[in-house]
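Breakdown of the fold
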Amino acid sequence: MKVSQVYKKKRSLSFEIFPPKKDDELKNIDATLEVLSELNPDFISVTFGAGGSSNCNRTIELAKKIKYDYGVEPVVHLTCLHYDRNEIDEFTRVLKSEGIENVLALRGDANPNIPDKNDFRHSSDLISYMKRKSDFCFLGACYPERHPESSDIVSDMKCLKKKVDAGAEVLLSQLFFDNNIFYRFYDKCRIAGIDVPVIPGVMPVINAAQIKRMVSICHASFPERFQRIISRYEDNREALFDAGMSYCLSQIIDLLTNDISGIHLYTMNNPLVAGRICEGIKNIV
Ligand code: FAD
């Protein structure tokens, strides 16, 4: 099923997982998927590493597992910066033949070890190109605190509108820790004429190393309330886990009571995290 259909009837609940690199991590994936599928999510998205067809294979294998073993609709992430038209054609062929209907179209990030190819400069190029040859439902990424390469929110918004005009039917957001930032971003999307569902991405923070990584990768700002929690509990693993879970749950509940169109949860393939969050929201979503 195309995930854009969900929003005609209800708001969505979805999760993001990544393909494990090592075989022994596969057990974790099954444990996580067991927990996640019990909540009947509308879709589970699977991330995509940059460069090389083995990345694509791992993503597609996991997407097939989600679809055929767990009966949940998968969304396959696909980046384009390191691929040419022929490679994207081949991905398209494989995705179609495996019955995949939903693609999160991404540019990806430059990688010094992998040369960029010049066929696709932006996610909107990928969507326009693939749309001519397929009828996938395309999703796109969006950034409540603007994309780090954008000089200002206005130019970022114009580019986001291009992505939607190219055919992105749903936008999934970068994680954020301050819901007010998302609400302001959402209003700007509507003012810019972006009228597709804009789904907030939420990540439970459970350890200090992960927080540092988030700051450097996602440029997410940390509200004072959250900073206080981190500095109070950063040396106590169990306490930080509990506090991070509670913070994430309070974010989700606030978003749901503000009538947003769905929740996309970054699970980090952690069945404990998934289980705790699912338990916390099972009567709410
Ligand atoms: P684009 O939409 O191309 O935007 C990148 C920059 O170019 C922005 O500054 C934008 O304003 C500008 N821009 C966009 N369109 C145009 C245009 N037509 N003309 C001029 N400028 C333009 N990365 C992975 O490698 N694998 C993943 O699985 C993955 N999953 C993700 C999931 C989500 C929900 C999110 C939010 C991000 C994900 N990323 C993933 C990270 C993503 O690849 C990076 O953030 C990347 O830097 C930008 O990708 P994009 O698709 O948003 O790029």
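The following paragraphs examine the structure supplied in this document.

Here's the deal with the sheet that holds strand β3 (residues 74-79)
Pairing between the strands of a sheet is mediated by backbone hydrogen bonds and can be parallel or antiparallel. Spatially, 8 strands are ordered β1-β2-β3-β4-β5-β6-β7-β8 in a closed barrel, and the strand pairing comes out parallel. With strand direction ignored, the average angle separating the axes of adjacent strands in the sheet is 30°.

Here we look at the pairing of strand β5 (residues 137-142)
By the criterion of burial, β5 is predominantly enclosed, with 6 of the 6 residues buried. On β5, burial covers both faces: Cys137, Leu139 and Ala141 on one face and Phe138, Gly140 and Cys142 on the other are all buried. Both strand β4 (residues 102-106) and β5 contribute to a ladder of 4 bridges, which runs parallel. Bridge pairing in β5 links Leu104 to Leu139. This β-α-β element, β4 to helix α4 (residues 123-133) to β5, shows right-handed connectivity. Here β5 runs beside strand β6 (residues 168-175); their pairing, made up of 5 bridges, is parallel. Bridged to Phe138 within β6 is Ala168. Since β5 and β6 lie parallel, the crossover through helix α5 (residues 153-166) that links them has a hand, and here it is right-handed.

Observations concerning the side chain of Glu16
Checked against the element boundaries, Glu16 lands in strand β1 (residues 12-17). With residues near it in sequence (within four places) discarded, Glu16 still touches Ser45, Thr47, His77, His264, Leu265, Tyr266, Thr267 and Met268.

Details of the nonpolar core
Ranked by internal contacts, the top residues of the largest apolar core, which has 67 residues, are Ile88, Leu171, Ile252 and Ile277. When residues of this core are assigned to their parent elements, the largest contribution, 7 residues, is made by helix α9 (residues 237-257). For Ile277, the residues in contact, after removing those within four places along its chain, are Pro204, Met245, Cys248, Leu249, Ile252 and Leu265. Counting residues in hydrophobic clusters, the runner-up holds 16 residues, among them Phe226, Leu240, Ala243 and Tyr247.

Thoughts on unusual backbone geometry
Most peptide bonds take the trans form, and the phi angle of most residues other than glycine is negative. Backbone geometry places Asn40, a non-glycine residue, at a positive phi of 50°. With respect to the secondary-structure elements, Asn40 resides in the loop between α1 (26-38) and β2 (43-46). For Arg146, which is not glycine, the phi torsion reads 60° and is therefore positive. By the secondary structure assignment, Arg146 is in the loop between β5 and α5. Taking the relative accessible area as the measure of exposure, Arg146 reaches 34% and is therefore partly exposed.

Thoughts on the site of the ligand
Around the ligand sit 24 residues in total, of which Phe48, Asp109, Ser123, Tyr143 and Asp156 are the nearest. Contact distances for the ligand include 2.5 Å between an oxygen atom and a side-chain N or O atom of Asp109. Side-chain polar atom of Ser123 to an oxygen atom of the ligand: 2.6 Å apart, as the coordinates give it. Across the complex, the protein chains shield 84% of the 970 Å² of accessible surface that the ligand would expose by itself. Elements represented by at least two residues in the shell around the ligand include exactly β3, β4, α4, α5 and β6. Split by residue class, the shell around the ligand holds 8 nonpolar, 10 polar and 6 charged.

Calculation notes
- Residues numbered from 1 in each chain as written.
- Predicted model: local features only at pLDDT ≥ 70, side-chain atom pairs only at ≥ 80, totals over all residues.
- Heavy atoms only, no water.
- Pairing = 2+ DSSP bridges.
- Helix = DSSP H or I, 4+ residues; strand = E, 2+ residues; numbered from the N terminus.
- Axes fitted to C-alpha atoms, helices over the stretch in contact; angles between N-to-C directions.
- Buried < 20%, exposed > 50% of the residue type's maximum accessible area, 1.4 Å probe, protein only.
- Right-handed = clockwise from strand over helix to strand, strands pointing away.
- Contact = heavy atoms within 4.5 Å.
- Core = buried A, V, L, I, M, F, W, Y, C linked by side-chain atoms within 4.5 Å.
- Near = heavy atom within 4 Å.
- Polar contact = N/O pair within 3.5 Å; in protein donor to acceptor, adjacent residues only side chain to side chain.
- Areas by Shrake-Rupley, 256 points an atom, 1.4 Å probe, with all protein chains shown as cover.
- Nonpolar A, V, L, I, M, F, W, Y, C, P; charged D, E, K, R; others polar.

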